[in-house]
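Chain and residue survey
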Amino acid sequence: MPLGSVKPLVILAAMLVASTEAVMKPLPPYVGIPTQDGLTRLFFNSRVTHRDPMISMSCFAGYIGESNLIAEQYSGAYSDCLKDAQRSRRGIDIDFLPTRRRIELSAESVCRALTKCNKVNGTLDSFNCHAAAGSNNTISTYGISGNASESATLLQERYRLIDLNHEKCNNKAERSYVESTASNYNYLQACLDGRISPRPIPTTTSTSSSSSSTTTTTTTTTTTTEAPTTPEPVTTEAPANLEDQFKQLLNLLN
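Keep in mind that what you see is a predicted model, and the values were worked out from it rather than measured.

This part covers the pattern of salt bridges. This model, assessed by the stated rule, comprises eight salt bridges. Note that Asp84 is salt-bridged to Arg87, the shortest N-O span being 2.2 Å. Of the two residues, Asp84 and Arg87 are both situated in helix H4 (residues 53–95); the distance of three residues between them amounts to about one turn of the helix. In this structure Asp84 comes out as partly exposed when scored by relative accessible area, which is 37%. The residue Arg158 makes a salt bridge to Asp95 at a minimum N-O spacing of 3.3 Å. Residue Arg158 is located in helix H7 (residues 138–192), and its partner Asp95 is located in helix H4; the two are separated by 63 residues in the primary sequence. In this structure Asp95 comes out as partly exposed when scored by relative accessible area, which is 46%.

And the structure:
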């Protein structure tokens, strides 16, 4: 099935390259995302494709653009969950610093008393010194053990709550991704069935500032008119048919 122009493929490819660069976190591995072969069969078996392949390409333009947006949103939500958990852990560590310092001071005091006995010259005097120091610091030693154990239990419980909230946050982000992906796929099916109109094909341009590492991506909807000039050169790397072109485009989606 010949296509009058590969311009929609070029537009979609540019859009996908720009948008997928923003997705840093891998997507949930268990999500049943349609395969390339499945999307290809859906494209070529569509009634709209048989009638007007350009409309089908517009359907896929909306689907792919929305897919990348959903992926970006999931990546951002996942990153926010991780940052919140790390920030909470740092806050808890700060809360327990006074308790940790008191335990360390008590330990240093016991160590000083015992170390002092190590410097006694006479063997008998050394024994007597250690016996007295050990007896006098028994309460301190038990206090150190008790306070450290209690603090460790409290700290571990607070860490556990943070991990629980982190897991809930991730689950919420993944659930939103799954629901949005399913809704987007329903749009594609409805569009290829001719039940709804396709979304406009967006064009994406990226600009970078030399003084900053921030990249700004702007998405607009434009109408492209081909000038009646010399046609674009055809390279030997171009796909031989529409199916190969379509699969090559889908490679950018994964």
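Okay, back to it.
It is worth spelling out the state of the cysteines at this point. Tallying each qualifying case throughout the model produces three disulfides. Shown here is the disulfide that connects Cys59 with Cys191, its sulfur atoms set 1.9 Å apart. Across the disulfide from Cys59 to Cys191, rotation about the S-S bond amounts to roughly -75 degrees, and the bridge is consequently left-handed. Of the two residues, Cys59 sits in helix H4 while Cys191 sits in helix H7, which places them 132 residues apart along the sequence. Of the two residues examined, Cys59 and Cys191, each falls in the buried class. The disulfide partner of Cys117 is Cys129, and the S-S distance across this bridge is 1.9 Å. On the sign convention where negative means left-handed, the S-S torsion of about -75 degrees between Cys117 and Cys129 marks this disulfide as left-handed.

Further remarks concern the packing of helix H5 (residues 97–118) against H7. Two numbers describe how H5 lies on H7: the axes approach to 10 Å, and their chain directions differ by 155 degrees. When the axis of H5 is compared with that of H7, the two are roughly antiparallel. Where H5 crosses over H7, the two elements pack in a sense that is left-handed. Of H7, the residues touching H5 (which contributes Thr99, Ile103, Ser106, Ala107 and Val110) are Ser140, Thr141, Ile144, Asn147, Ala148 and Ser151.

In the structure shown here, the tally under the stated rule is four aromatic pairs. Aromatic pair Phe60 and Tyr63: ring centres 6.3 Å apart, planes at 80 degrees, arrangement edge-to-face. With Phe60 and Tyr63 both in helix H4, this residue pair falls three residues apart, about one helical turn. Each member of the pair, Phe60 as well as Tyr63, is classed as buried. Ring geometry for Tyr74 and Tyr177: centres 5.5 Å apart, planes at 50 degrees, overall tilted. Taken together, the residues Tyr74 in helix H4 and Tyr177 in helix H7 connect sequence positions 103 residues apart. Residue classification places Tyr177 among the buried positions, given a relative accessible area of 5%.

Attention now moves to the nonpolar core. Counting twelve residues, the largest nonpolar core consists of Leu39, Phe43, Phe44, Met57, Cys59, Phe60, Tyr63, Ile64, Tyr187, Leu188, Cys191 and Leu192. Among the elements that take part in this core, H4 stands out by supplying five residues, more than any other. When sequence neighbours within four positions are dropped, the list of residues in contact with Leu188 reads Leu39, Leu42, Cys59, Phe60 and Tyr63. Ala85, Ile92, Tyr159 and Ile162 belong to the second largest nonpolar core, which has five residues in total.

Here we come to H5. Between its first and last C-alpha atoms H5 spans 31 Å; for 22 residues at 1.5 Å apiece the expected length is 32 Å, and the two agree. The complete set of buried residues in H5 reads Thr99, Ile103, Val110 and Cys117. In a view along the axis of H5, the buried residues occupy a sector of 30 degrees, so they form one face of it. Along H5, exposed side chains directed more than 90 degrees from the buried face belong to Arg100, Arg112, Lys116 and Asn118.

Moving on, we get to the environment of Ala133. Residue position: Ala133 is located in helix H6 (residues 123–136). Spatially, the C-alpha atoms of Ala133 and Thr115 are 9.7 Å apart, while their sequence positions differ by 18 residues. Sequence-distant contacts of Ala133, that is, excluding residues within four places in its chain, are made with Ala113, Leu114 and Cys117.

The next point concerns the side chain of Ser56. Of note, Ser56 is situated in helix H4. Of the residues examined, Ser56 reaches a relative accessible area of 0% and is grouped as buried. Those residues within four positions of Ser56 in sequence are excluded, and the remaining contacts are Phe43, Ser46, Val48, Thr49 and Leu192.

Basis of the calculations
Residues numbered from 1 in each chain as written. Predicted model: local features only at pLDDT ≥ 70, side-chain atom pairs only at ≥ 80, totals over all residues. Heavy atoms only, no water. Salt bridge = Lys/Arg side-chain N within 4 Å of Asp/Glu carboxyl O. Helix = DSSP H or I, 4+ residues; strand = E, 2+ residues; numbered from the N terminus. Buried < 20%, exposed > 50% of the residue type's maximum accessible area, 1.4 Å probe, protein only. Disulfide = S-S within 2.5 Å. Axes fitted to C-alpha atoms, helices over the stretch in contact; angles between N-to-C directions. Parallel < 35°, antiparallel > 145°, perpendicular 65-115°, else oblique. Left-handed = near helix turned anticlockwise from the far one by under 90°. Contact = heavy atoms within 4.5 Å. Phe/Tyr/Trp six-rings, centres within 6.5 Å; stacked < 30°, edge-to-face > 60°. Core = buried A, V, L, I, M, F, W, Y, C linked by side-chain atoms within 4.5 Å. Expected span 1.5 Å × (residues − 1). Arc of directions from axis to C-beta.

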